[in-house]
Amino acid sequence: MEDIDAIAVLQDPVRRRLYEYVVAQGREVGRNEAAEAAGVARTLAAHHLDRLTEAGLLESGSRRLTGRSGPGAGRPAKVYTRAQAERSVSLPARDYRTAAELLAEAAEQAGLDDGLRAAARRRGEVLRGSAAPCGSLEEATQMLAARGYEPHLEGIGDAKGASGAAARVVRMRNCPFHTVAERFPPLVCGMNLALLEGLLGTDGPVRARMDPRPGGCCVIVEASKSIIH
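Thresholds applied
- Residues numbered from 1 in each chain as written.
- Predicted model: local features only at pLDDT ≥ 70, side-chain atom pairs only at ≥ 80, totals over all residues.
- Heavy atoms only, no water.
- Helix = DSSP H or I, 4+ residues; strand = E, 2+ residues; numbered from the N terminus.
- Buried < 20%, exposed > 50% of the residue type's maximum accessible area, 1.4 Å probe, protein only.
- Contact = heavy atoms within 4.5 Å.
- Areas by Shrake-Rupley, 256 points an atom, 1.4 Å probe, with all protein chains shown as cover.
- Salt bridge = Lys/Arg side-chain N within 4 Å of Asp/Glu carboxyl O.
- Pairing = 2+ DSSP bridges.
- Core = buried A, V, L, I, M, F, W, Y, C linked by side-chain atoms within 4.5 Å.
- Axes fitted to C-alpha atoms, helices over the stretch in contact; angles between N-to-C directions.
- Patch = residues over 30% accessible without salt bridge, like charges linked within 9 Å, V, L, I, M, F, W, Y side chains within 5 Å.

**A few points about the overall build of the protein**
Part 1 of the argument: Tallying secondary structure elements over the protein gives 9 helices and 7 strands in all.
Part 2 of the argument: Buried positions account for 35% of the 229 residues belonging to the protein.
Part 3 of the argument: For the protein, the proportion of contacts with a sequence separation of at least 24, taken over those separated by at least 6, is 57%.
Part 4 of the argument: By element, 52% of the accessible surface of the protein is carried by carbon and sulfur atoms, the whole surface being about 13300 Å².

**Observations regarding the pattern of salt bridges**
Part 1 of the argument: Scanning the entire structure with this criterion turns up 17 salt bridges.
Part 2 of the argument: A salt bridge links Glu138 to Arg168; its shortest N-O distance comes to 2.6 Å. Of this pair, Glu138 sits in helix α7 (residues 137–146) while Arg168 sits in strand β5 (residues 166–172); the two residues are 30 residues apart in sequence, bridging distant segments of the chain.
Part 3 of the argument: With relative accessibility at 37%, the residue Arg168 sits in the partly exposed group.
Part 4 of the argument: Here Arg207 and Glu222 are joined by a salt bridge, their closest N and O atoms 2.4 Å apart. Pair noted here: Arg207 is in strand β6 (residues 206–210) and Glu222 is in strand β7 (residues 219–223), with a separation of 15 residues, a long-range link.
Part 5 of the argument: For Arg207, a relative accessible area of 24% gives the class partly exposed.
Part 6 of the argument: With relative accessibility at 8%, the residue Glu222 sits in the buried group.

**Looking at the pairing of β7**
Part 1 of the argument: β7 sits mainly inside the fold: 5 of its 5 residues count as buried.
Part 2 of the argument: When β6 meets β7, the two strands line up antiparallel, connected through 5 bridges. Within β7, the residue paired with Val206 across the bridge is Ala223.

**Some thoughts on the nonpolar core**
Part 1 of the argument: With 31 residues, the main nonpolar core has Met172, Leu196, Leu200, Val219 and Val221 as its most contacted residues.
Part 2 of the argument: At the level of secondary structure, the elements contributing two or more residues to this core comprise α5 (96–109), α7, β5, α8 (178–183), α9 (185–200), β6 and β7.
Part 3 of the argument: With 10 residues, the top contributor of residues to this core is α9.

**A short note on unusual backbone geometry**
A negative phi holds for most residues other than glycine; trans holds for most peptide bonds.
Part 1 of the argument: Although it is not a glycine, Glu150 sits at a positive phi angle of roughly 55°.
Part 2 of the argument: Locating Glu150 in the fold gives a position in the loop between α7 and β4 (151–160).
Part 3 of the argument: The class for Glu150 is partly exposed, based on a relative accessible area of 27%.

**What about the environment of Arg17?**
Part 1 of the argument: For Arg17, the location among the structural elements is in helix α2 (residues 13–25).
Part 2 of the argument: Along the primary structure Arg17 and Gly39 are separated by 22 residues, whereas in three dimensions their C-alpha atoms are 9.4 Å apart.

**What to know about the sheet that holds strand β3 (residues 77–82)**
Part 1 of the argument: Reading across from one edge, β1-β3-β2 is the order of the 3 strands in this open sheet, with antiparallel pairing throughout. Whereas interior strands pair on both sides, the edge strands pair on one side only; in this sheet they are β1 (29–30) and β2 (58–63).
Part 2 of the argument: Here β1 pairs with β3 via 2 bridges, running antiparallel. Each residue of the ladder has a partner; that of Gly30, found in β3, is Val79.
Part 3 of the argument: Against the sheet, α2 makes contact with β1, β2 and β3, and its axis sits at roughly 80° relative to β3, the strand it touches most.

**Digging into a nonpolar patch on the surface**
Part 1 of the argument: A cluster of nonpolar side chains, namely Ile4, Ile7, Val89 and Leu91, defines an oily patch on the protein surface of about 350 Å² accessible area.
Part 2 of the argument: With respect to the secondary-structure elements, Leu91 resides in the loop between β3 and α5.
Part 3 of the argument: Residue class for Leu91 comes out exposed when judged on its relative accessible area of 72%.

Have a look at this one:
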């Protein structure tokens, strides 16, 4: 019932907007910023943010938002980030997580990495259907968002693409396979990469490649080397 209660908290439209905004930032968010983004008063935003924290959907802390320290720096402000715990509801009760972990354990012990990647690539191709390979990073962002990856475009330093503009990559704040990937990272991350290769294509303007970082998906999407100088 705890998961049901937590998810029910998001029924309030203001609370849901605040939650979605905090999640989308991928960093700590203060009350003033969240209130402005949701178009509500700071006191109302604070109430809803604390309610989301009590429900276990957000985590809270405090820090000085001015970036200064010492006398005159001001009091620390309350900030919020997405909670790491997962929430799911299944009626009647189902335990797909245990099944996934058992299958992953068996596949790893049997050395079935290649077979799993092949199956994942085929599934990605089925999901793409008859469409051509993904044509741009913006299109990839839309496709990944529809699959729950929470993608965002970001620059990569001073690197330049063929157009002379700063090169960009799509990073993903969420891994749909997070729990199983934590226990079996090589197996599941390889599966994830193959799935996205099938979904986005491997011979178009964009490609998926492995680039694991803490707190995010192990795969990124970037422009194909054939169009990068």
